[in-house]
Amino acid sequence: STGHYCTRDGRHGFRRHFYQHAGFRYIETERPVVNNTSPYESDRQLCDAFRFHFDDPPMGANFHKALAAAAVEGLFSIGVDARSARAMELGCGPGRAVLELAKQ
């Protein structure tokens with residue numbers, strides 16, 4: 001069975017006005033198009049915060065990975081298993097340190 005692709009009006013069938021190339025699609029229209037951008041793509045402070053948290057620095061270690069490793073090491077030194085401990089990070093921004101702790 002070819003399913004819904006076999007009919008002329010098939011929902012996912014080829015449509016002349018709907019060009020597709022390499023996974024990108026665009027539609028030709030006469031109506032005005034409004035492109036809304038996410039603040040996560042255009043706000044400089046947000047972009048910098050995400051870069052600081054998630055990009056690997058050109059030299060040295062990522063601060064949040066090192067912080068999580070130090071916290072786990074500190075728990076181990078006092079005899080607490082990191083898997084059973086709980087953590088709350090205040091002023092965490094995107095929360096990279098907590099994500100790193102969750103991996104432990």
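Before reading on, note that the structure itself is shown above.
What comes next concerns the included structure.

Reading guide: rules and limits
Residues numbered from 1 in each chain as written. Predicted model: local features only at pLDDT ≥ 70, side-chain atom pairs only at ≥ 80, totals over all residues. Heavy atoms only, no water. Helix = DSSP H or I, 4+ residues; strand = E, 2+ residues; numbered from the N terminus. Buried < 20%, exposed > 50% of the residue type's maximum accessible area, 1.4 Å probe, protein only. Contact = heavy atoms within 4.5 Å. Salt bridge = Lys/Arg side-chain N within 4 Å of Asp/Glu carboxyl O. Axes fitted to C-alpha atoms, helices over the stretch in contact; angles between N-to-C directions. Parallel < 35°, antiparallel > 145°, perpendicular 65-115°, else oblique. Left-handed = near helix turned anticlockwise from the far one by under 90°. Nonpolar A, V, L, I, M, F, W, Y, C, P; charged D, E, K, R; others polar. Phe/Tyr/Trp six-rings, centres within 6.5 Å; stacked < 30°, edge-to-face > 60°.

**Quick word on the overall build of the chain**
Right, so step 1: Of regular secondary structure, the chain possesses four helices and two strands.
Right, so step 2: Secondary structure elements of the chain occur, N-terminal to C-terminal, as β-β-α-α-α-α.
Right, so step 3: Taken over 104 residues, the chain has a buried fraction of 12%.
Right, so step 4: When contacts within the chain are restricted to residue pairs at least 6 apart in sequence, long-range pairs at least 24 apart make up 40% of them.

**What about the pattern of salt bridges?**
Right, so step 1: Taken as a whole and judged by the stated rule, the model has six salt bridges.
Right, so step 2: As a salt-bridge pair, D81 and R83 come within 3.4 Å of each other at their nearest N and O atoms.
Right, so step 3: Owing to a relative accessible area of 37%, D81 belongs among the partly exposed residues under this scheme.
Right, so step 4: Using a relative accessible area of 68% as the deciding quantity, one classes R83 as exposed.
Right, so step 5: Members of the salt-bridge network, linked through shared partners, are R44, D48 and R51.

**Regarding the packing of helix α3 (residues 63-77) against helix α4 (residues 96-103)**
Right, so step 1: It is the contact of α3 with α4, at a shortest axis distance of 8 Å, that shows an interaxial angle of 50°. By the criterion of interaxial angle, the relationship of α3 to α4 is oblique. As for how α3 packs across α4, the hand of that crossing is right-handed. Here H64, K65, L67, A68, A71 and V72 of α3 come into contact with α4, specifically with R96, A97, E100 and L101.
Right, so step 2: Of the residues assigned to the contact of α3 with α4, the class counts are six nonpolar, one polar and three charged.

**Quick notes on the side chain of N62**
Right, so step 1: Within the element layout of this structure, N62 appears in the loop between α2 (44-54) and α3.
Right, so step 2: Residues in contact with N62, not counting those within four places in the same chain, are F52, H53, F54, D55, D56, P57 and R96.

**Brief notes about the environment of F63**
Right, so step 1: For F63, the position within the fold is in helix α3.
Right, so step 2: Residue classification places F63 among the partly exposed positions, given a relative accessible area of 49%.
Right, so step 3: Taking C-alpha positions, F63 is 8.6 Å from F52, a pair spaced 11 residues apart along the chain.

**Quick look at the packing of aromatic side chains**
Right, so step 1: Summed over all chains, the structure comprises one aromatic pair.
Right, so step 2: Between the aromatic rings of F50 and F54, the centroid separation amounts to 6.1 Å while the plane-to-plane angle is 20°, which identifies the pairing as stacked. With F50 and F54 both in helix α2, this residue pair falls four residues apart, about one helical turn.
Right, so step 3: Of the residues examined, F50 reaches a relative accessible area of 32% and is grouped as partly exposed.
Right, so step 4: A relative accessible area of 34% places F54 in the partly exposed class.

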